[in-house]
Amino acid sequence: MSAPTPELPRHFIRQIIDADLASGKHAAVVTRFPPEPNGYLHIGHAKSICLNFGLALEYKGRCHLRMDDTNPAKEEVEYVESIKEDVRWLGFDWGAHDHNASDYFARMHADAVRLIEMGKAYVCHLSLEQMREHRGDLVNPGKPSPWRDRPAAESLDLFARMTKGELDEGAAVLRARIDMASPNLLMRDPVIYRIRKATHHNTGDTWCVYPMYDYAHPLEDAYEGITHSICTLEFEIHRPFYDWLLRALDTPAKPQQIEFARLNLTYTVMSKRRLLELVQERRVGGWDDPRMPTLSGLRRRGVPASAIRRFCETIGVTKHNSLTDVALLEHATRDDLNKSSPRAMAVLDPVRLVIENYPEGRAEELEAVNNPEDPSAGSRKVPFSRTLLIEREDFMESAPGKYFRLTPGQEVRLRWAYLVTCTGCTKDAAGNVTEVRCTYDPATRGGDAPDGRKVKATIHWVSVAHAVDAEVRLVNHLFTDPDPLGHEGKDMMEFLNPNSLAVLSHCKLEPALAEAKPGEQFQFERLAYFVVDTKDSKPGKVVFLRTVTLKDAWQKKKEPAKAGPKK
């Protein structure tokens, strides 16, 4: 196996793998991504996906996809299929290694019987509340269960009855017999099996007992020959049990659990339980709502998979929890789309612009570049006429000194068209501007003046006679606070952004966009990057979602303040 390329950051997990390969501990690298199918994946999972599959690719090993389906009450086939779709969309493939925890239920059960026979597990009848009372705390040792020393034969019989469904839920559990005085509370005889009389989406009604995740996780890793079991930092305290179980059963494979800091992102939440609350309370339109941090929501919003992969590589891998600025994700998205998105003109808040000296009834086609970043993208024809539509904010009747757009007496450039000079405006009875008037210089076709004079502003436009209608949805942060879960005593719902989705119904677009297909992406010049909604767009009704603005908050944060006098 060849070593990874030296330009990649040598984070601590790479260093561990490098050492394991160099020492001969492992001949190949085998990782896994083991989601529980109880919800849709979010961008926090993307960090784990990119890390586990990425390391397997980097070291020419393999990565398994494994559904942690140990809780039939919360898992659904819908979630299984969405997880597979998300992993594929991110650009990864598990090949033949599509596994489920339920594939190993019989083997796990047999290992539980072995633990009982070895005196390392017992059936206990304490309730959950009683177990909490018996567990003790960080100062005081736990108190043994009254059934801790029952004969193995008795526990074997009871476990068999649990398995057959003869005992009710909550009547008994199987606990590992470890150390009730351990400083790690999770080592004080943890529950490893409980009774659940629920239909499983894979195994049906075959089982009445199901393994706990802490029991299933190390065994699945061992059964599959995983070499490096990479988890988020909250599982660090679970590692002693992981190692204890593999030693107790003397599994042939001895995977190493390694923990890294999970991704926390500003202005959203990274908890499937919290995201489920948003869905169930109808605060959003579903798991794929474009405001959601789910991968399906980001995909619908138009965030490229390549941008997410780059973002995950940029934020790196550490052992320290932190809050990552969402501006970094937006920067990666903007950088990707800038290179790939064709340009188009769209007016979201239109007001008429009449060119007084342009011949009535005349129309012409102007050449517009599709993507200045990609010469191979070519150009397109844009129709131009006497009456146009411009953004309402691109005109001010009484403008401040540094306003360079349309105001009486000021000349601007119409993108790809002509230089025009504002002559005034028309208002309705309420004083609202209904029409802006101007004259054009016919010699400036294409936007440049033969005499070399310069203008300080370029504005976009569409021709009234040729414009097409569209609905445009401006997607904003879901929460107003960068850390909505970081306020003790307050519910995250208090920080929901009432302006997280603005729907604009009377937008006017250049005619070529009438043929835009769901999933196609564009930069609306001077505005933002948009995508044709894959869910709500229909023939005759195009809906665009804003993916990300053109302004780059992250780049501004990186740039040092410029010295010198203010102008």
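Further up the page is the structure itself.
The paragraphs below set out a description of the structure included in this document. (Residues numbered from 1 in each chain as written. Predicted model: local features only at pLDDT ≥ 70, side-chain atom pairs only at ≥ 80, totals over all residues. Heavy atoms only, no water.)

1. Side note on the sheet that holds strand β7 (residues 209-211)
One open sheet accounts for four strands, arranged β4-β5-β6-β7; its pairing is antiparallel. Because the sheet does not close on itself, it has two edges, and the strands there are β4 (121-124) and β7. Strand-to-strand twist in this sheet, taken as the mean axis angle between neighbours without regard to direction, amounts to 25 degrees. Alignment of strand β5 (residues 173-176) against strand β6 (residues 191-195), held across three bridges, turns out to be antiparallel. (Pairing = 2+ DSSP bridges. Helix = DSSP H or I, 4+ residues; strand = E, 2+ residues; numbered from the N terminus. Axes fitted to C-alpha atoms, helices over the stretch in contact; angles between N-to-C directions.)

2. Some remarks on helix α8 (residues 239-249)
Listing the buried residues of α8 in full gives F241, Y242, W244, L245, L246, A248 and L249. Where α8 is buried, its residues contact α4 (105-117), β5, β6, α7 (213-224), β8 (228-232) and β9 (256-260). (Buried < 20%, exposed > 50% of the residue type's maximum accessible area, 1.4 Å probe, protein only. Contact = heavy atoms within 4.5 Å.)

3. Some thoughts on the pattern of salt bridges
All told, the structure shown has 53 salt bridges when counted by the stated rule. As a salt-bridge pair, R274 and E277 come within 3.9 Å of each other at their nearest N and O atoms. Residue R274 and its partner E277 are located together in helix α9 (residues 272-280), separated by three residues, close to a single helical turn. Here K339 makes a salt bridge to D335, at a shortest N to O gap of 3.3 Å. With K339 and D335 both in helix α12 (residues 326-340) and four residues apart, the pair spans about one turn of that helix. (Salt bridge = Lys/Arg side-chain N within 4 Å of Asp/Glu carboxyl O.)

4. Quick word on the packing of aromatic side chains
Throughout the structure, instances matching the rule amount to 19 aromatic pairs. Ring geometry for F241 and W244: centres 5.7 Å apart, planes at 20 degrees, overall stacked. Here F241 and its partner W244 are both found in helix α8, three residues apart, which amounts to about one turn of the helix. Assigned by exposure class, F241 and W244 land together as buried. Seen from the ring of W89, R299 lies directly overhead, with NZ or CZ sitting 5.1 Å from the centre. (Phe/Tyr/Trp six-rings, centres within 6.5 Å; stacked < 30°, edge-to-face > 60°. Lys NZ or Arg CZ within 6 Å of the ring centre and 35° of its normal.)

5. Brief notes about empty space enclosed by the protein
With the rule as written, the count across this model stands at three cavities of 30 Å³ or more. In this structure, the largest cavity encloses a volume near 230 Å³. R291, L298, R301, V326 and L329 are the residues nearest the centre of the largest cavity, which is lined by 20 residues in total. Contributing elements (two or more residues each) for the lining of the largest cavity: α10 (295-301), α12 and β25 (543-549). Residue contributions to the lining of the largest cavity peak at four residues, all from α12. In the lining of the largest cavity, the residues fall into 11 nonpolar, six polar and three charged. Taken as a whole, the second largest cavity holds about 40 Å³ of empty space. Contributing to the lining of the second largest cavity are D214, H217, P218, F235, H238, F241, Y242 and Q257. Elements with a minimum of two residues in the lining of the second largest cavity: α7 and α8. Among the elements that take part in the lining of the second largest cavity, α7 stands out by supplying three residues, more than any other. Of the residues belonging to the lining of the second largest cavity, the class tally is four nonpolar, three polar and one charged. (1 Å grid on protein atoms, 1.4 Å probe; cavity = no way out; pocket = protein on both sides within 12 Å on 5 of 7 lines; lining within 4 Å. Points joined across faces, edges and corners; volume = space filled by probe spheres on them. Nonpolar A, V, L, I, M, F, W, Y, C, P; charged D, E, K, R; others polar.)

6. Re the nonpolar core
Note that soluble globular proteins tend to have their nonpolar side chains buried in a common cluster. Core analysis: the largest hydrophobic core is formed by 33 residues, its most contacted members being M108, L115, L174, I192, Y193, Y215 and W244. Elements with a minimum of two residues in this core: α4, β4, α6 (152-164), β5, β6, β7, α7 and α8. Setting aside chain neighbours within four positions, we find L115 in contact with K120, A121, I192, Y215, W244, L245, A248 and L249. In terms of nonpolar packing, the next biggest core, distinct from the first, is built from 32 residues, A56, L90, L298 and V326 among them. (Core = buried A, V, L, I, M, F, W, Y, C linked by side-chain atoms within 4.5 Å.)

7. Focus on the pairing of strand β22 (residues 501-509)
Relative to β22, strand β11 (residues 346-347) runs antiparallel, the two sharing two bridges. The residue of β22 that forms the bridge with A346 is L509. Across seven bridges, strand β21 (residues 468-475) lies against β22 in antiparallel orientation. In the sheet register, A470 faces β22, and the bridge partner there is C507.

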